[in-house]
Amino acid sequence: MIDHSYLKDLAALLGVFLDDRALERFDLYAQKMCDWNEKINLTAITDPREICVKHFADSLSVLAKVEIPQGAKLIDVGTGAGFPGLALKIARPDLRVTLLDSTKKKLTVLEDISQTLELEVELLHKRAEEAGQSGDYREKFDIATARAVANLAVLSEYCLPFVRVGGRFLAMKSAKTQEELTGAKKAIGLLGGSVETVHTLQLETAGERTIIELKKTSPTPAPYPRPSAKIARFPLG
Ligand code: SAM
């Protein structure tokens, strides 16, 4: 379905090498996602080239900007159809990836796709704010990622609790993040994080993207993340 050399070149522009197995997996991924999209609303992006840029290359841009150690434990929060988490697993099968989403149907899709791709990932059907209070997941990850889930203050409350001290939370955003950063500054500090670097990049034909890299500098205090209703009514910030 996708043009392998087009995707290979897009990834190479980001400094990411995709071998034939990875390209084959991305191809199957695109096919399966489009098949499922007929039954479940997963994505508005169905043109093969657009999938390559706006889903696959966008997900891989994380690897262009942040060095992720071999075998790192990564959780993708609000993963939807698997972005960026499953795309990162294809490019870096050494990563131990957990895909979390609160929508059961999305997990059904991801189970089917990951089996087809023969990739071992942990699938977690939970709300982030519930899983973040569970001893099985709290401060157990080297990296948390999230794309298109919530504003940075809310997202930090969802994601920072998963990250071990010394680990990173990578928030993927489109352009213009200054306002969000200002609004989330207090929340990030309260949750045990600090802004390490704000990376910007040009995504081929799709414009500017930002990856906000937060470092976990101290444990997240026990009350966080708070229950959903509290987060919604009293956002930190
Ligand atoms: N990250 C994917 C992407 O960029 O294509 C999906 C983005 S989609 C707009 C947001 C996803 O976050 C949805 O699948 C939704 O179910 C999930 N989500 C929203 N709030 C969540 C929460 N509190 N806990 C877990 N998942 C959540």
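Reading the values: rules and limits
- Residues numbered from 1 in each chain as written.
- Predicted model: local features only at pLDDT ≥ 70, side-chain atom pairs only at ≥ 80, totals over all residues.
- Heavy atoms only, no water.
- Helix = DSSP H or I, 4+ residues; strand = E, 2+ residues; numbered from the N terminus.
- Polar contact = N/O pair within 3.5 Å; in protein donor to acceptor, adjacent residues only side chain to side chain.
- Axes fitted to C-alpha atoms, helices over the stretch in contact; angles between N-to-C directions.
- Parallel < 35°, antiparallel > 145°, perpendicular 65-115°, else oblique.
- Left-handed = near helix turned anticlockwise from the far one by under 90°.
- Contact = heavy atoms within 4.5 Å.
- Nonpolar A, V, L, I, M, F, W, Y, C, P; charged D, E, K, R; others polar.
- Salt bridge = Lys/Arg side-chain N within 4 Å of Asp/Glu carboxyl O.
- Buried < 20%, exposed > 50% of the residue type's maximum accessible area, 1.4 Å probe, protein only.
- Core = buried A, V, L, I, M, F, W, Y, C linked by side-chain atoms within 4.5 Å.

### Looking at the environment of aspartate 94
Point 1. Here aspartate 94 lies in the loop between helix H4 (85–91) and strand S2 (96–101).
Point 2. As a C-alpha pair, aspartate 94 and glycine 71 span 23 residues in sequence and 5.0 Å in three-dimensional space.
Point 3. At 2.9 Å, the side chain of aspartate 94 and the backbone nitrogen of glycine 71 are in polar contact.

### Comments concerning the packing of helix H1 (residues 4–13) against helix H2 (residues 20–37)
Point 1. Running from N to C, H1 and H2 point in directions that differ by 115°, and their axes come no closer than 10 Å. Our classification of the angle between H1 and H2 gives roughly perpendicular. Crossing angle aside, the handedness with which H1 passes H2 is right-handed. In this structure, H1 uses His4, Leu7 and Lys8 to contact H2, whose residues at the interface are Leu23, Glu24, Phe26 and Asp27.
Point 2. A class-by-class count of the residues in the contact of H1 with H2 yields three nonpolar, one polar and three charged.

### Details of the pattern of salt bridges
Side chains carrying opposite charge are able to pair once their charged atoms draw close together.
Point 1. Scanning the model with the defined rule gives 14 salt bridges in all.
Point 2. Two residues, arginine 92 and aspartate 94, come together in a salt bridge whose shortest N-O distance is 2.8 Å.
Point 3. Two residues, arginine 164 and aspartate 142, come together in a salt bridge whose shortest N-O distance is 2.6 Å. Separated by 22 residues along the polypeptide, arginine 164 in strand S5 (residues 163–174) and aspartate 142 in strand S4 (residues 141–147) bring together distant segments of the chain.
Point 4. The class of arginine 164 is partly exposed, set by a relative accessible area of 35%.
Point 5. Assessed through its relative accessible area of 18%, aspartate 142 is described here as buried.

### Points about the nonpolar core
Point 1. One finds Leu7, Leu18, Phe26, Tyr29, Phe56, Ile68 and Leu86 to be the most contacted residues of the largest nonpolar core, which totals 54 residues.
Point 2. Those elements that provide at least two residues to this core are H1, H2, helix H3 (48–65), H4, S2, helix H5 (104–116), S5 and strand S6 (193–203).
Point 3. If sequence neighbours within four positions are ignored, tyrosine 29 has contacts with Phe56, Ala81, Gly82, Phe83, Leu86, Ala87, Ile90, Ile113 and Leu117.
Point 4. Counting residues in each nonpolar core, the second largest holds 31 residues, with Ile75, Leu100, Leu124 and Val163 among its members.

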